[in-house]
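In case you want the letters, here they are:
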Amino acid sequence: MAVAMQVELLGIPRQRAGVAELEIEAATLGQLLDALAARYPSLADLFRAGRADRLGPFVAANLNGDRFVTDPRTRLAATDRILILSADAGG
Amino acid sequence: MPPGYHGCYLRIDVSDGSADHVPLPAGVLRRFLGGAGLGAWLLSRESGACPDPLAAGAPLIFVFSPLVGSPLTTSAKFAVVSRSPLTDRINDSLASSGFALAGKRCGCDAIVVVGRAARLSVLVIDDGRVRLDPGGHLRGATCGAAEKTLRTRLGPDYKIASIGPAGERLVRYATISHDGRHAGRGGSGTVLGSKNLKAVAVRGTRYSTWAHPRELTERSRQLSKRSFGPATAKYRELGTAANLLTFNRFGALPTRNFQTGTFDAAAQVSAEEIRATRTRTRASCAACTIGCEHIYSIEDGEGTRLEYESLFALGPLCGVGDPDAVLRASKLCDELGIDTISVGGTIAFAMECVERGWLDEPWLTFGRGESVLRAIELAGRREGIGHLLAEGSRRAAGAIGHDSIRFAPQVKGLEIPGYEPRALQTMALGFAVGTRGADHNRSGAYEVDFSAAVDRRRVTVDAVRHAIDTEDRAALMDSLILCKFLRGVFDDFYGEAAEMLNLVTGWDTSAAELRRAAKGIVHAKREFNRRVGWTPAEDTLPERFLQGALPNDPAAALSRERLRAVVDEYHRQRGCEEPSPAADNASA
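Reading the values: rules and limits
Residues numbered from 1 in each chain as written. Chains lettered and ligands numbered in written order. Predicted model: local features only at pLDDT ≥ 70, side-chain atom pairs only at ≥ 80, totals over all residues. Helix = DSSP H or I, 4+ residues; strand = E, 2+ residues; numbered from the N terminus. Rg over C-alpha atoms; globule rule 2.2 N^0.38 Å. Buried ≥ 20, exposed ≤ 12 C-beta atoms within 10 Å, placed from the backbone. Contact = placed C-beta atoms within 7 Å. Core = buried A, V, L, I, M, F, W, Y, C linked by C-beta atoms within 7 Å. Domains from an automatic or database assignment. Nonpolar A, V, L, I, M, F, W, Y, C, P; charged D, E, K, R; others polar. Pairing = 2+ DSSP bridges. Axes fitted to C-alpha atoms, helices over the stretch in contact; angles between N-to-C directions. pLDDT = per-residue confidence, 0-100. Parallel < 35°, antiparallel > 145°, perpendicular 65-115°, else oblique. Arc of directions from axis to C-beta.

Description of the overall build of chain B
Okay, step 1: Along chain B, the regular secondary structure elements total 22 helices and 17 strands.
Okay, step 2: Relative to the globule expectation of 25 Å for 588 residues, the C-alpha radius of gyration of chain B, 22 Å, shows essentially globular dimensions.
Okay, step 3: Each of the three principal axes of chain B carries a C-alpha extent, and together these read 60 × 55 × 50 Å.
Okay, step 4: Relative to its 588 residues, chain B shows a buried fraction of 62%.
Okay, step 5: Long-range contacts, defined as pairs at least 24 residues apart, comprise 70% of the intrachain contacts of chain B with a sequence gap of at least 6.

Considerations on the overall build of chain A
Okay, step 1: Regarding its fold elements, chain A presents three helices and five strands.
Okay, step 2: In chain A, the succession of helices and strands from N to C terminus is β-α-β-α-α-β-β-β.
Okay, step 3: Taking 91 residues into account, the globule formula puts the C-alpha radius of gyration at 12 Å, and chain A, at 12 Å, falls close to it.
Okay, step 4: With respect to the three principal axes, the spread of C-alpha positions in chain A is 35 × 25 × 25 Å.
Okay, step 5: Within chain A, the proportion of its 91 residues that are buried is 38%.

Here's the deal with the nonpolar core
All names here are of chain B.
Okay, step 1: Counting 222 residues, the largest nonpolar core has A110, L244, A428 and L429 as its most contacted members.
Okay, step 2: Top contributing element to this core by residue count: helix α19 (residues 462-480), with nine residues.
Okay, step 3: If near-sequence neighbours (up to four positions away) are discounted, L429 is found in contact with A445, V459, A463, V464, A467, V566, V567 and Y570.

Points about the domain arrangement of chain B
Residues and elements named next belong to chain B.
Okay, step 1: Taken domain by domain, chain B holds domain 1 (8-203), domain 2 (228-415) and domain 3 (425-585).
Okay, step 2: Averaged C-alpha coordinates put domain 1 and domain 2 at centres separated by 26 Å.
Okay, step 3: Contact with domain 1, which involves 32 residues of that partner, is made by 26 residues of domain 2.
Okay, step 4: Secondary-structure elements contributing two or more residues to the side of domain 1 that touches domain 2 are α3 (98-104), α4 (143-154) and α5 (165-168).
Okay, step 5: Among the elements that line the side of domain 1 that touches domain 2, the one with the most residues is α5, at three residues.
Okay, step 6: Along the lines of polarity and charge, the residues of the side of domain 1 that touches domain 2 split into 10 nonpolar, 17 polar and five charged.

Some points on the sheet that holds strand β13 (residues 280-283) of chain B
All names here are of chain B.
Okay, step 1: Taken together, the three strands give an open sheet; going across it, the order is β13-β14-β15, and neighbouring strands pair in antiparallel fashion. Strands at the two margins of the open sheet, each flanked by one partner only, are β13 and β15 (301-305). For this sheet the average axis-to-axis angle between neighbouring strands, irrespective of direction, equals 30 degrees.
Okay, step 2: As defined by bridge partners, strand β14 (residues 293-298) adjoins β15 across three bridges and the pair is classed as antiparallel. The partner of Y296 across the bridge, within β15, is T304.
Okay, step 3: Docked against the sheet, helix α12 (residues 323-336) engages β14 and β15, running at close to 115 degrees with respect to β14.

Concerning the sheet that holds strand β3 (residues 59-63) of chain A
By way of backbone hydrogen bonds, the strands of a sheet pair with one another, either parallel or antiparallel.
All names here are of chain A.
Okay, step 1: On the basis of which strands lie adjacent, the open sheet formed by five strands has the order β2-β1-β5-β3-β4 and mixed pairing. Each having just a single partner strand, β2 (21-26) and β4 (67-69) make up the two edges of the open sheet. Geometrically, the sheet is characterised by an average inter-axis angle of 35 degrees between neighbouring strands, direction not taken into account.
Okay, step 2: With five bridges connecting them, β3 and strand β5 (residues 81-86) associate as antiparallel partners. Bridge assignment links L63 to a residue of β5, and that residue is I82.
Okay, step 3: On the sheet, helix α2 (residues 29-39) packs against β1 (3-9), β2, β3, β4 and β5 and is oriented at approximately 125 degrees with respect to β2.

Let's talk about the interface of chain B and chain A
Okay, step 1: With 28 residues of chain B at the contact, the number on the chain A side is 22 residues.
Okay, step 2: When residues of the side of chain B that touches chain A are traced back to their parent elements, those giving at least two are α8 (233-237), α9 (243-249), α11 (308-314) and α18 (446-449) of chain B.
Okay, step 3: Ranked by the residues each element gives to the side of chain B that touches chain A, the list is headed by α9 of chain B, at four residues.
Okay, step 4: Split into classes, the residues belonging to the side of chain B that touches chain A amount to 12 nonpolar, eight polar and eight charged.

Here we look at the pairing of strand β7 (residues 121-126) of chain B
All names here are of chain B.
Okay, step 1: In this sheet, strand β12 (residues 197-203) lies alongside β7 in parallel orientation, the contact comprising six bridges. Within the sheet, the bridge partner assigned to L123 lies in β12 and is V200.
Okay, step 2: As defined by bridge partners, β7 adjoins strand β8 (residues 129-134) across six bridges and the pair is classed as antiparallel. Residue I125 lies in a different strand from β8, and its bridge partner there is V130.
Okay, step 3: From the end of β7 to the start of β8, which pair antiparallel, there are two residues, and D127 there has a positive phi angle of about 55 degrees.

Describing the confidence of the model for chain B
Residue and element names in this part refer to chain B.
Okay, step 1: Across chain B, pLDDT averages 95, with 98% of residues at or above 70.
Okay, step 2: Scored below 50 in pLDDT, residues 578-588 shows 36 contacts in the model against residues more than four places distant or in partner chains.
Okay, step 3: In the predicted assembly, ipTM is 0.96 and pTM is 0.96.

Comments concerning the packing of helix α2 (residues 35-47) of chain B against α19 of chain B
Residues and elements named next belong to chain B.
Okay, step 1: Interhelical geometry of α2 versus α19 gives an angle of 85 degrees and a closest axis separation of 4 Å. Classified by the angle between their axes, α2 and α19 sit roughly perpendicular to one another. Only A475, D478, S479 and L480 of α19 make contact with α2, whose side of the interface consists of G35, A36, G37 and L38.
Okay, step 2: Taken together, the residues of the contact of α2 with α19 break down into four nonpolar, three polar and one charged.

Observations concerning α2 of chain A
All names here are of chain A.
Okay, step 1: Here α2 has its buried residues at L29, L32, L33 and L36. Here the buried residues of α2 occupy an arc of 95 degrees about the axis, which is enough to place them on one side.
Okay, step 2: Considering only its buried residues, α2 is in contact with β1, β2, α3 (44-48), β3, β4 and β5.

Section: the environment of L36 of chain A
Residues and elements named next belong to chain A.
Okay, step 1: With respect to the helices and strands, the residue L36 is situated in helix α2.
Okay, step 2: In this structure the C-alpha to C-alpha distance between L36 and L46, which are 10 residues apart in sequence, comes to 11 Å.
Okay, step 3: For L36, the residues in contact, after removing those within four places along its chain, are I24 and L43.

Quick look at the environment of A118 of chain B
All names here are of chain B.
Okay, step 1: Inspection of the secondary structure assignment puts A118 in the loop between β6 (110-114) and β7.
Okay, step 2: You can call A118 exposed: it has 11 C-beta atoms within 10 Å.
Okay, step 3: Between the C-alpha atom of A118 and that of A350, which follows or precedes it by 232 residues, the distance is 36 Å.

Right under this line is the structure:
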């Protein structure tokens with residue numbers, strides 16, 4: 001069942017969406033990304049490149065600043081904060 | 001000789017102006033390729049028993065590659081290889097653009113400079129003919145001014161690599177600048193300065209051939225098209241400075257000399273804020289389709305490039321949250337010709353020493369942009385406290401005493417880039433074992449920390465293979481040479497690299513052969529270091545990183561035992577036999 005949760009955007013996802021934080025309803029990581037892409041179409045090409053069973057390679061998703069997740073089927077809880085960021089941390 | 005190469009290097013002794021073309025065996029080219037790899041081989045061959053990186057006999061080597069001059073995007077790059085006056089170990093720094101193209105057209109695959117000119121000079125290489133021009137009139141000139149003056153005098157065909165005042169004064173982390181970009185780390189500019197050379201000017205007409213020009217052109221077109229896609233979006237749209245807010249969110253933004261991993265004023269100096277409040281233009285290196293350079297306006301007119309590493313080192317690391325001060329500081333470093341990471345790290349270290357009462361420079365305190373600017377100026381010109389700062393944090397710690405080496409932010413003497421080791425522990429391993437010291441360009445282990453492959457705050461021996469993979473890949477990219485910002489566009493990097501190399505050279509190399517070559521190049525660097533005194537004890541981190549967690553993140557702690565375990569495993573997998581005392585010798 002979809003629940004509302006806080007999503008933080010960093011790097012290119014933030015730049016393109018024009019917001020740093022928002023609330024999204026989703027049950028899984030895949031649903032969350034679909035909802036984000038629907039709300040901000042400029043994010044779609046960042047998400048589209050991933051395989052069906054795996055996020056990436058251009059963006060990364062992290063739960064609560066602790067654990068990176070790649071499986072779109074990852075279940076999300078209302079208490080989760082989801083961080084969506086550019087996958088490439090090179091500088 | 002295979003296409004893509006000239007099959008020789010130009011060896012110049014600036015003591016007497018003599019020059020020779022020395023043949024390069026085809027087998028060496030196939031094993032070491034070019035750039036950093038061929039440079040490591042040449043450095044071993046040319047160094048002899050020279051004990052001092054700044055001695056006249058010590059070589060400074062400019063190295064091109066088989067891909068330089070091809071239509072492959074980002075391939076107009078060159079490596080500068082020497083023994084580092086900062087670390088006493090191998091140093092290979094890279095830069096881009098016309099100097100690489102014109103240098104290779106001089107008819108050689110590398111330029112080896114030895115000796116010392118009698119007075120400040122400009123080394124001019126005109127299609128392989130060598131002369132020394134007087135350079136006294138350029139004494140004290142900034143990198144940009146020296147390049148502009150020489151271009152006006154010699155003509156636009158010449159491409160010029162120069163040092164600024166810092167290189168002349170042998171600041172140990174001086175850069176070599178070309179077209180506003182720098183071979184930045186480890187003191188390449190110091191070595192050029194020690195040879196009494198203000199600049200090297202090159203032009204030439206000797207083009208190398210390609211084995212399969214039509215297929216290469218088509219392959220290049222495809223690669224350029226892919227380089228416009230999402231894999232490089234970060235570099236085009238925000239630049240590397242986009243890292244700052246991300247790292248701050250993860251508690252991985254080195255702040256106040258690595259005392260913490262978050263910075264209260266991060267938003268003020270973020271790429272997003274600077275972009276919103278300043279005029280911005282974009283630029284590219286020659287033969288590059290990515291366009292990663294973001295040039296921001298500053299109050300006094302001319303803009304300046306800003307990269308994450310300069311932003312972190314001159315901002316949060318020194319506690320500075322004033323974006324204008326950071327931009328001005330970055331520009332000042334460019335003008336003086338000094339490495340922003342090393343000068344920022346050394347200043348931040350000095351600020352902490354002032355805070356503890358060990359250094360009597362009350363103006364040099366965290367958070368003051370004007371202090372950073374003043375300290376850079378003094379360091380770049382070796383005036384006052386600048387004599388100490390110009391030595392880098394390791395030597396400064398030795399002079400200050402109080403066991404301050406515990407928190408000097410360096411590995412092997414090279415200041416640590418903007419990745420907090422306790423929060424990014426695969427990167428911590430990469431820093432500890434780096435052949436040129438703490439380095440994010442020779443180890444991309446941070447990529448592993450920002451993935452699901454590891455727990456970034458609890459490194460285990462499983463991370464070692466990942467760290468080795470990123471190190472090997474970097475070695476190959478630096479030898480081909482291709483820009484690392486391109487790495488995300490490859491689905492099968494080694495396979496595609498083999499294909500590109502074969503189109504240029506006519507070889508039948510394979511992904512497997514290039515994997516072996518990459519490992520061989522890393523091995524060659526480690527062997528050079530071993531020859532000049534490296535011991536396993538050097539592969540460690542300063543004591544600060546091994547004593548407790550980051551204040552803002554209790555989970556971000558790296559114990560001495562854990563570091564020792566992964567460093568030992570790294571040595572085992574790299575084929576080093578000696579067990580490492582690693583963290584027991586944190587200050588080594």
